[in-house]
2 protein chains.
Amino acid sequence: MRYRKIPDEAVWRLPMYLRGLLLSLEKSQETISSQELADFFGVHPWQIRKDFSYFGAFGTPGVGYKVKKLSTQIKKILNLHVSHKAVLVGAGNLGAVILAYPGFKIYGFEITAVFDNNPQKIGQKIENISIKDVSKLSLIKRQKIDLGIIAVPRKAAQEVADRLVEMGIKGILNFSPCRINVPKKVKVITIDIAMDLARLPYYIPSS
Amino acid sequence: MRYRKIPDEAVWRLPMYLRGLLLSLEKSQETISSQELADFFGVHPWQIRKDFSYFGAFGTPGVGYKVKKLSTQIKKILNLHVSHKAVLVGAGNLGAVILAYPGFKIYGFEITAVFDNNPQKIGQKIENISIKDVSKLSLIKRQKIDLGIIAVPRKAAQEVADRLVEMGIKGILNFSPCRINVPKKVKVITIDIAMDLARLPYYIPSS
DNA sequence: TTTAATCTGTGAACGTAAACACAAGTTGAA
DNA sequence: TTCAACTTGTGTTTACGTTCACAGATTAAA
Ligand SMILES: NC(=O)c1ccc[n+]([C@@H]2O[C@H](COP(=O)([O-])OP(=O)(O)OC[C@H]3O[C@@H](n4cnc5c(N)ncnc54)[C@H](O)[C@@H]3O)[C@@H](O)[C@H]2O)c1
Ligand SMILES: NC(=O)c1ccc[n+]([C@@H]2O[C@H](COP(=O)([O-])OP(=O)(O)OC[C@H]3O[C@@H](n4cnc5c(N)ncnc54)[C@H](O)[C@@H]3O)[C@@H](O)[C@H]2O)c1
């Protein structure tokens, strides 16, 4: 395939497709067509085929895609073919939910370290992982951890992010409702569910 | 201003701008320029001005925007000038975090009802709201609730969504990692933090 | 009042992504 | 072997969003 710029949007959608594929895989489905996959998410089949085409040709005309093969391919594209370790900072209520969420596993993520600054929490265990003192964050250098999850109060978020970057973290999932500044090479995704909710009323005809 | 189609992306960004404005308001800042606001989020000032321009002219050349006035305007645009009531279904770990999250308040949201199907949980209180039996969901018809939050296991998500639609809910924030089918008039936003995390490794050079 | 500095609002140019349409590959039945 | 049904992959067209560049409004200082 000729080189062409890959739209960020296409990359953005791949994890969605992957989830659908892994679900089909669980159901022992062997092949899937772009049409089937599209129905699954309420998108158009040509969108999916186009998205895949940026990365190569994975399907068989007249048949569709081998579910197993395609999911492996997408994992490779997304760099999810190797499992990733993540560190969680902030073992509060949200932190506990994140640790308990089984959804990370299908993408090959594992949260292997948890830190907090509250003496009451340090030493305790959640989901079999013992909470460590955030001042000893450098412990993670020994492990191969490349992702960080921030679940601390807003005021502490930037400071924690700086420390994570120091430790060589390459990507951050930030739950504090604020922007955090990091070097360009570090990718940050910030999630604020209140902001997401705030997008709904616009589409609701005011009564 | 002439009519022009408003990009969904512009609407999508407004809640972000609004958060910045409300933060400035807290700091008693009176006016703000598109440049300042842009620096706050790491976007370009012309993007912000353009986004606003789809809805009208809110600023003063040479001065900038009145923080108070602009935030009021954006709230109106987003239909957030009236406070919205939301119902939460699923009083598990995630549900508790959502109830405890103070971030909803600045957008004028209030979670006024909580439902579950676990007899152990029904009757208990979280954050001063007593958990009710989901089979009595129709209780919300008396209140003016237009938003629903789904925090139940995946298998129950569609069923809960159907019930919420029956009760006249107009927008749904869905935390179950699956697509839910609703009538077109109902807007759904699905959040899966694992999927968000899965978007990071692509940008991380594989070692 | 004039001038310089500042900042908004927006038409127009530009770039990118979505949608389309179809050639070509595959399968299975006749 | 032929044909019909099906499905992919992609060049092209169309639609949309972003960026640019500047006219015009406002302010403060001279
Ligand atoms: N993005 C969302 O959708 C969402 C939802 C709920 C909460 N939140 C945010 O997530 C964050 C945590 O929420 P929560 O409900 O778990 O709060 P919490 O108070 O229960 O937990 C915060 C934890 O962070 C720890 N902490 C504080 N400062 C720290 C530091 N410098 N280093 C390490 N640990 C530190 C505290 O000891 C506590 O255990 C808050 O910023 C909150 O606003 C976000
Ligand atoms: N989107 C995300 O980022 C994210 C993160 C964590 C969890 N989750 C998802 O959120 C959901 C809840 O997670 P959790 O950790 O709170 O799980 P949980 O088991 O602690 O809570 C689920 C609650 O839903 C209740 N419930 C089950 N069926 C119900 C029904 N039909 N009607 C009403 N209530 C019902 C249960 O009694 C329980 O209290 C799960 O689907 C989970 O996968 C999503």
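Since the model is a prediction, treat every value here as computed from it, not as a measurement. (Residues numbered from 1 in each chain as written. Chains lettered and ligands numbered in written order. Predicted model: local features only at pLDDT ≥ 70, side-chain atom pairs only at ≥ 80, totals over all residues. Heavy atoms only, no water.)

What follows covers the protein's contact with DNA strand C. Looking at DNA strand C, there are 28 residues lining it, with Arg13 and Trp46 of chain A together with Ser34, Gly59 and Tyr65 of chain B nearest. When the atoms of DNA strand C within 4 Å of the protein are sorted by group, sugar and phosphate make up 66%. For DNA strand C, a base nitrogen lies 3.2 Å from a polar atom in the side chain of Lys50 of chain B. At 2.8 Å from a phosphate oxygen of DNA strand C is found a side-chain nitrogen or oxygen belonging to Tyr65 of chain B. Top element by residues in the surface near DNA strand C is helix H3 (residues 45–53) of chain A. It accounts for four residues. When grouped by side-chain class, the residues that make up the surface near DNA strand C number nine nonpolar, eleven polar and eight charged. (Near = heavy atom within 4 Å. Polar contact = N/O pair within 3.5 Å; in protein donor to acceptor, adjacent residues only side chain to side chain. Helix = DSSP H or I, 4+ residues; strand = E, 2+ residues; numbered from the N terminus. Nonpolar A, V, L, I, M, F, W, Y, C, P; charged D, E, K, R; others polar.)

All names here are of chain A. Ordered in space as E5-E6-E4-E3-E7-E8-E9, the seven strands form an open sheet in which the pairing is mixed. Strands with a single pairing partner mark the edges of an open sheet, and in this sheet they are strand E5 (125–126) and strand E9 (187–190). Bridge count for strand E4 (residues 109–116) against strand E6 (residues 129–133) is three bridges, and the pairing is parallel. Bridge pairing in E6 places Asp116 opposite Asp133. Lying over the sheet, helix H6 (residues 154–166) contacts strand E3 (84–89), strand E7 (145–150) and strand E8 (171–174), oriented at roughly 175° with respect to E7. (Pairing = 2+ DSSP bridges. Contact = heavy atoms within 4.5 Å. Axes fitted to C-alpha atoms, helices over the stretch in contact; angles between N-to-C directions.)

What follows is about the packing of helix H1 (residues 8–26) of chain B against helix H4 (residues 67–77) of chain B. Residues and elements named next belong to chain B. Running from N to C, H1 and H4 point in directions that differ by 150°, and their axes come no closer than 9 Å. On the basis of the axis angle, H1 is roughly antiparallel to H4. H1 and H4 meet at a crossing whose hand is left-handed. Between H1 and H4, the contacting residues are Leu14, Tyr17, Leu18, Leu21, Leu22, Ser24 and Leu25 on the first element and Val67, Lys68, Leu70, Ser71, Ile74, Lys75 and Ile77 on the second. Broken down by class, the residue content of the contact of H1 with H4 amounts to ten nonpolar, two polar and two charged. (Parallel < 35°, antiparallel > 145°, perpendicular 65-115°, else oblique. Left-handed = near helix turned anticlockwise from the far one by under 90°.)

Let us now look at the domain arrangement of chain A. How large an interface is tends to be reported as the accessible area lost when its parts come together. In terms of domain boundaries, chain A breaks down into domain 1 (8–77) and domain 2 (84–193). Placing a centre on the C-alpha atoms of domain 1 of chain A and another on those of domain 2 of chain A gives a separation of 31 Å. (Domains from an automatic or database assignment.)

Around ligand 1 sit 24 residues, and of these Leu94, Asp116, Val152, Phe175 and Ile191 of chain A come closest. One chain alone does not account for the residues near ligand 1; they come from chains A and B. Phe175 of chain A is positioned such that a nitrogen or oxygen atom in its backbone is 2.9 Å from a nitrogen atom of ligand 1. Within the contact set of ligand 1, a nitrogen atom lies 2.7 Å away from a backbone nitrogen or oxygen of Ile191 of chain A. A total of 850 Å² of accessible area belongs to ligand 1 in isolation, and the protein chains cover 84% of it. Those elements that provide at least two residues to the shell around ligand 1 are helix H5 (93–100) and H6 of chain A. Partitioned by chemical class, the residues of the shell around ligand 1 number 14 nonpolar, six polar and four charged. (Areas by Shrake-Rupley, 256 points an atom, 1.4 Å probe, with all protein chains shown as cover.)

Below, the discussion takes up the site of ligand 2. Taken together, 24 residues surround ligand 2, and among them Leu94, Asp116, Val152, Phe175 and Ile191 of chain B come closest. The environment around ligand 2 is built from residues contributed by chains A and B. Contact between ligand 2 and Leu94 of chain B: an oxygen atom at 2.8 Å from a main-chain N or O atom of the residue. Ile191 of chain B is positioned such that a nitrogen or oxygen atom in its backbone is 2.7 Å from a nitrogen atom of ligand 2. Here ligand 2 has 840 Å² of accessible area as a free molecule, and 84% of this is covered by the chains. Those elements that place two or more of their residues in the shell around ligand 2 are helix H5 (93–100) and helix H6 (154–166) of chain B. Grouping the constituent residues of the shell around ligand 2 by class yields 14 nonpolar, six polar and four charged.

Before going further, it helps to spend a moment on the protein's contact with DNA strand D. The local shell around DNA strand D holds 27 residues, among which Ser34, Gly59 and Tyr65 of chain A together with Arg13 and Trp46 of chain B are the closest. Counting only atoms of DNA strand D within 4 Å of the protein, the fraction found in sugar and phosphate groups is 64%. The separation between a base oxygen of DNA strand D and a polar side-chain atom of Lys50 of chain A is 3.2 Å. Between DNA strand D and the protein, one listed contact pairs a phosphate oxygen with a side-chain N or O atom of Arg13 of chain B at 2.9 Å. Every element with two or more residues in the surface near DNA strand D is listed here: H3 of chain A together with H1 and helix H3 (45–53) of chain B. In terms of residue count, H3 of chain B provides more of the surface near DNA strand D than any other element does, four residues in total.

All names here are of chain A. Val67, Leu70, Ser71, Ile74 and Ile77 are the residues of helix H4 (residues 67–77) that are buried. End-on, the buried residues of H4 take up no more than an arc of 120°, which puts them together on one face. Along H4, exposed side chains directed more than 90 degrees from the buried face belong to Lys68 and Lys76. For H4, the secondary structure elements touched by its buried residues are helix H1 (8–26), strand E1 (31–32), H3 and strand E2 (65–66). (Buried < 20%, exposed > 50% of the residue type's maximum accessible area, 1.4 Å probe, protein only. Arc of directions from axis to C-beta.)

This part covers the packing of helix H2 (residues 34–41) of chain B against H3 of chain B. All names here are of chain B. Between H2 and H3, the least distance of the axes is 8 Å, while the angle of their chain directions is 110°. Relative to H3, H2 is oriented roughly perpendicular. The element H2 and its partner H3 pack so that their crossing is right-handed. Mapping the contact onto sequence places Ser34, Gln35, Leu37 and Ala38 in H2 and Pro45, Ile48, Arg49 and Phe52 in H3. Residue composition of the contact of H2 with H3, grouped by class: five nonpolar, two polar and one charged.

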